[in-house]
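Chain and residue survey
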Amino acid sequence: MRYLPLTDADRGAMLAKIGARSIEDLFRDVPEAARLKGPLDLPRHQGEIEVERALGRLAAMNVPASAGPFFVGCGAYKHHVPASVDHLIQRSEFLTSYTPYQPEIAQGTLQYLFEFQTQVALITGMEVANASMYDGSTGTAEAVLMAERVTRRKKAVLCGNLHPHYADVVATVAGVSGMTIEIGDPVPGGGANLADAVDAETACLVVQNPDFFGNLRDLRALAARVHEKGALLIVVVTEIVSLGAVMSPGAMGADIVVGEGQSLGVGLQFGGPYVGLFATRQKLVRQMPGRLCGETVDANGKRGYVLTLSTREQHIRREKATSNICTNSGLMCLAFTIHLALLGEEGFKRLARLNHEAAVRLAEELSAIPGVELVTPHFFNEFTLRLPRSAQAVADALADKGVLGGVRASRLLPGRKGIETLLIVAATETNTDDDRAAYVRALKEILA
Amino acid sequence: MNEQGRPTRLEGAMPTPSEVRTFSGHRGLDHDEPLLFESGRPGHCGVDLPAPSLSHDRLGGLAREGAIGLPGLSEPEIVRHFVRLSQKNYAIDTGLFPLGSCTMKHNPRLNEKLARLAGFADIHPLQPQKTIQGALALIEELARWLMVMTGMPAVAMSPKAGAHGELCGLMAIKAAIAARGEKRTRILVPESAHGTNPATAAAIGFSVDAIPATPRGRVDVAALKAKLGPDVAGVMVTNPNTCGLFEDEILAIADAIHGAGGYFYCDGANFNAIVGRVRPGDLGIDAMHINLHKTFSTPHGGGGPGAGPVVLSEALAPFAPLPHIVHDANGLRLVEHEADAREEGLNPFGRMVAFHGQMGMFVRALAYMMSHGADGLRQVADDAVLNANYILSSLKDVMSAPFGDTGPCMHEALFDDTYLKDTGVSTLDVAKALIDEGYHPMTVYFPLVVHGAMLIEPTETESKESLDRFIAVMRGLAGEAKAGRTARFTGAPYFAPRARLDETRAARQPVLRWTPPKPAEAAE
């Protein structure tokens with residue numbers, strides 16, 4: 001077996017050194033009744049050729065996003081990832097290293113985490129960021145639990161335009177911990193009245209911006225109302241590229257910002273692994289979940305980096321930790337950091353602008369088709385259309401024409417009245433003029 | 001003879017490294033690399049994007065104004081920066097990584113290649129389901145392998161790491177207890193457990209009750225039984241445990257907890273030791289997470305991502321979180337909502353993640369499993385256990401193995417610091433001296449049940465020659481410590497990119513991000 005270096009001669013010599021008669025001898029603590037007598041009912045080992053053939057066959061059964069005009073979003077976005085990103089994250093020293101618990105031989109990982117934390121703080125407009133969560137949805141649940149610790153209040157209010165899967169994750173995780181979770185009704189056109197839902201018992205209000213339907217919202221007045229009640233404003237950003245074009249959540253008064261970093265460096269990957277961004281204010285840092293990398297000096301006075309404030313974490317504090325998280329999204333942080341470093345200030349802003357333009361052009365052309373209405377007045381790179389018939393039927397018909405035209409709202413909000421005709425459409429820098437023309441042509445034909 | 005030729009002979013006394021200070025701050029191949037933010041300049045960019053051309057926007061007056069503060073760098077500068085950073089890291093590809101409880105084994109590159117196939121890497125989680133049938137089939141196939149290997153009837157695939165799997169398992173337990181109309185508030189956790197176990201239990205509102213260990217390094221079953229009662233929801237046991245030992249009374253533990261109406265959660269972090277040898281389903285376990293990034297070789301990536309599917313017993317299976325995959329007339333279908341799940345006769349406790357779990361890790365893990373097959377996976381466990389016992393046998397005469405005389409260990413060998421008593425050398429010093437020897441240290445000061453723990457997990461992907469070299473180093477270090485030659489320990493590491501770092505300063509005066517130098521400083 002190609003991954004196992006021991007030979008039978010080695011095994012014999014080692015058993016002799018140990019003083020064991022056989023390998024079975026080493027498993028003697030396993031209760032006799034529970035020991036497997038024969039091999040597992042699974043195929044025997046295979047070479048690279050066979051494995052590659054079998055998995056290649058499964059891969060070929062899927063339609064990749066790059067195979068045609070592609071406009072699917074709702075929390076995961078198709079962006080171009082520069083070639084150097086994937087090359088660099090496959091460097092053995094990054095790919096096959098561990099959590100940097102021995103900082104003297106992990107400065108590479110620690111320095112990029114410090115750079116990642118700085119980038120995340122800058123783009124979100126916050127003071128500090130951690131070294132990542134699993135993804136945006138789990139990060140949102142962690143943010144709600146953090147708000148409970150900070151405010152010592154047990155109720156969280158979620159805006160109805162928060163991604164429904166995110167709301168489900170919060171309700172599942174924070175709900176089972178004993179919090180009361182109130183979820184508002186979705187308002188596809190945006191502008192729901194949220195301030196009244198926040199009272200003196202509320203730990204936090206969770207708002208997504210741009211929201212699930214794509215709406216952009218000025219949160220400044222809302223932040224002031226939330227703060228008046230002594231609650232925290234948690235802002236969720238599922239399309240992190242938006243922060244290159246839109247005022248940052250920090251500038252709008254957010255106390256905690258949770259982001260899904262998938263758009264930079266990570267790729268679609270059918271939903272994972274992604275990378276959760278988590279940023280807050282300096283004064284709340286000791287209530288933060290997750291790892292933090294900090295600057296210090298070594299015994300010779302040279303600058304270096306270490307994991308710090310570990311007294312918040314499970315391996316030190318056990319049942320008193322701020323979170324149970326251990327493994328996070330290290331390598332995806334690296335991909336994010338490299339991609340954003342390649343973009344830099346100008347590239348990030350330009351990328352965001354190109355995304356917005358692609359969406360504006362598409363929205364204007366699609367909503368010019370008779371019967372099609374643009375529901376979201378202000379948006380970044382994703383918008384919602386009201387169609388003259390079932391969005392599911394239209395999306396299926398588009399797929400049959402080779403256009404993956406978006407996500408029907410009813411897929412994530414089943415059983416809701418009045419949303420059956422809503423289609424959520426995302427456009428990015430990867431969409432060409434031909435893609436847009438193909439979409440417009442296909443939709444006209446379907447609705448004709 | 002050419003008098004002006006390049007000198008090839010070493011002549012005279014050479015200065016020692018400490019006498020040489022470089023102008024650059026670099027030391028040969030060891031480059032001191034500034035932060036991105038200290039290198040970038042306005043106007044530089046590492047990508048070429050077309051110029052925007054639309055004259056209006058629909059941002060509703062929320063356009064960002066002013067600078068963000070991101071540095072600008074070209075592609076060659078970025079590539080060099082990150083390659084230089086990479087060279088400051090130790091990795092399994094550069095050497096033995098005997099980090100106990102972490103299973104740092106070889107990461108096959110076939111798995112990387114397959115995870116990057118467009119049909120896996122470039123598909124969206126919300127694409128129409130008829131366009132992702134191969135992805136669902138892969139998840140189904142991986143689930144089947146996991147169920148066969150563990151002898152369990154169900155598996156929840158979506159948890160994103162081990163601790164997330166623990167959360168999933170305990171929430172299933174909580175849901176099952178609620179479905180019986182009961183309320184149970186206490187979880188029993190052995191003292192030797194990973195910190196994630198008590199943290200997880202506490203996170204969802206359980207109180208945590210610690211179970212002591214016996215002098216043989218196992219769960220004290222009598223103490224456990226004494227703590228059982230109608231308020232106990234379950235017990236969380238790591239098996240093999242964090243002392244590297246198989247819980248030989250595990251069947252009695254399972255009977256006891258089930259007899260008291262609770263559930264048996266197993267932390268599967270150490271499944272590598274027993275895969276193909278024993279199935280958790282035959283041990284009375286109700287839920288166990290499997291760290292695909294440990295047993296099934298998906299790369300640790302400097303701290304993640306991982307994946308933590310949870311196998312479930314018949315009793316807990318109905319409560320598995322969304323999404324599920326079912327077969328129907330059109331092929332495979334995702335069940336994404338509670339109402340749909342109820343039609344399938346399921347009662348999910350909720351949803352743990354936005355989408356369907358760590359697909360990228362699933363591809364890698366399945367490729368690994370198929371490469372090994374049933375025969376190879378059993379050999380994995382055998383060789384992992386053999387390697388650990390070889391280390392234990394080869395070191396226990398010069399180091400101190402608290403449970404070394406009670407029988408064989410499993411996949412990792414535990415030592416304490418008794419052998420360092422009165423030497424002036426600590427466990428941490430030994431770890432740092434190992435860095436100078438070119439090794440990543442073992443896990444230190446964990447588990448907490450022995451003093452100054454050193455937990456060595458070689459894994460099955462080390463050769464005997466590699467182990468012999470490591471053993472020689474450990475024996476050498478033990479001898480030096482006992483001989484009172486402490487300088488090589490107390491100042492170590494001497495040969496790493498950094499000397500020991502001041503962690504106290506980092507915590508007392510936290511600097512968690514770069515900030516621009518103040519104008520006065522910048523002017524100097």
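Note that the structure is predicted; figures quoted are calculated from it, not measured.

**Description of the sheet that holds strand β10 (residues 373–374) of chain A**
Whether parallel or antiparallel, the strands of a sheet pair through hydrogen bonds between backbone atoms. Residues and elements named next belong to chain A. Spatial ordering of the open sheet is given by β10-β11-β13-β12, a layout of 4 strands whose pairing is antiparallel. Strand pairing shows two members of the sheet lacking a second neighbour, β10 and β12 (407–408), which therefore form its edges. Sheet topology places β12 next to strand β13 (residues 422–426); 2 bridges connect them, and they run antiparallel. If you follow Arg408 over to β13, its bridge partner there is Leu423.

**Let's talk about the interface of chain A and chain B**
If you look at the interface, chain A gives 168 residues, while chain B gives 175 residues. A per-element tally of the side of chain A that touches chain B places helix α11 (residues 330–367) of chain A first, with 22 residues. Here the side of chain A that touches chain B is composed, by residue class, of 86 nonpolar, 50 polar and 32 charged.

**Structural notes on the nonpolar core**
Side chains of nonpolar character tend, in soluble globular proteins, to be buried together. Counting 321 residues, the largest nonpolar core has Val144(A), Ile234(A), Ala172(B) and Leu312(B) as the members making the most contacts within it. Filtering out sequence-adjacent residues up to four positions away, Ile234(A) remains in contact with Ala143(A), Val144(A), Ala147(A), Cys204(A), Leu205(A), Val206(A), Asp255(A), Ile256(A) and Val258(A).

**As for helix α7 (residues 136–151) of chain A**
Residue and element names in this part refer to chain A. Over its 16 residues, α7 runs 22 Å from end to end, which matches the ideal 22 Å to within 8%, given 1.5 Å per residue. Judged by how many residues are buried, α7 sits mostly within the fold: 14 of 16 residues are covered. Positive backbone phi, approximately 55 degrees, marks Arg152, located one or two places after α7.

**Here we look at the domain arrangement of chain B**
How big an interface is tends to be expressed through the accessible area that disappears when the partners come together. Residue and element names in this part refer to chain B. For chain B, the assigned domains are domain 1 (110–366) and domain 2 (376–498). Put simply, the middle of domain 1 and the middle of domain 2, counted by C-alpha atoms, are 31 Å apart. Listed by partner, the interface residues are 18 residues for domain 1 and 20 residues for domain 2. The residue inventory of the side of domain 1 that touches domain 2, partitioned by class, reads 8 nonpolar, 7 polar and 3 charged.

**What about unusual backbone geometry?**
With omega at -5 degrees, the peptide bond leading from Asn209(A) into Pro210(A) counts as cis. Along the chain, Pro210(A) falls in the loop between β4 (202–208) and α9 (220–228). The omega torsion across Phe446(B) and Pro447(B) is 5 degrees, close enough to zero to call that bond cis. Of note, Pro447(B) is situated in the loop between β11 (443–444) and β12 (454–456). The residue Cys74(A) is not glycine, and still its phi comes out positive at about 60 degrees. Within the fold, Cys74(A) resides in the loop between α3 (48–60) and α4 (83–89). Residues other than glycine seldom take positive phi values, yet Gln269(A) does so here, at roughly 50 degrees. Relative to the elements of secondary structure, Gln269(A) occurs in the loop between β6 (256–260) and β7 (276–280).

**Describing the environment of Pro71(B)**
Mapped onto the elements, Pro71(B) comes out in the loop between α1 (36–39) and α2 (75–86). Spatially, the C-alpha atom of Pro71(B) lies 8.2 Å from that of His44(B), the residues being 27 residues apart in sequence. When residues no more than four places from it in sequence are discounted, the contact partners of Pro71(B) are Gly344(A), Leu36(B), Phe37(B), Ser39(B) and Gly40(B).

**A closer look at the pairing of strand β4 (residues 232–238) of chain B**
Residues and elements named next belong to chain B. Along β4, 7 of the 7 residues are buried, which leaves the element largely enclosed by surrounding structure. Relative to β4, strand β2 (residues 186–190) runs parallel, the two sharing 3 bridges. Across the sheet, Leu188 pairs through a bridge with Val235, a residue of β4. The sheet contact formed by β4 and strand β5 (residues 263–267) spans 5 bridges and is parallel. If you follow Val237 over to β5, its bridge partner there is Cys266. The parallel pair β4 and β5, bridged by helix α9 (residues 250–259), forms a crossover whose chirality is right-handed.

**Here we look at the packing of helix α11 (residues 359–395) of chain B against helix α13 (residues 464–482) of chain B**
Residues and elements named next belong to chain B. Packing of α11 against α13 brings their axes to within 10 Å, and their N-to-C directions diverge by 30 degrees. The orientation of α11 relative to α13 falls into the category roughly parallel. Where α11 crosses over α13, the handedness of that crossing is right-handed. Residues Asn387, Tyr390, Ile391, Ser394 and Leu395 of α11 touch α13, and the partners they reach there are Leu467, Ile471, Met474 and Arg475. When the residues that make up the contact of α11 with α13 are grouped by side-chain class, the tally is 6 nonpolar, 2 polar and 1 charged.

Reading the values: rules and limits
Residues numbered from 1 in each chain as written. Chains lettered and ligands numbered in written order. Predicted model: local features only at pLDDT ≥ 70, side-chain atom pairs only at ≥ 80, totals over all residues. Pairing = 2+ DSSP bridges. Helix = DSSP H or I, 4+ residues; strand = E, 2+ residues; numbered from the N terminus. Contact = placed C-beta atoms within 7 Å. Nonpolar A, V, L, I, M, F, W, Y, C, P; charged D, E, K, R; others polar. Core = buried A, V, L, I, M, F, W, Y, C linked by C-beta atoms within 7 Å. Buried ≥ 20, exposed ≤ 12 C-beta atoms within 10 Å, placed from the backbone. Expected span 1.5 Å × (residues − 1). Domains from an automatic or database assignment. Right-handed = clockwise from strand over helix to strand, strands pointing away. Axes fitted to C-alpha atoms, helices over the stretch in contact; angles between N-to-C directions. Parallel < 35°, antiparallel > 145°, perpendicular 65-115°, else oblique. Left-handed = near helix turned anticlockwise from the far one by under 90°.

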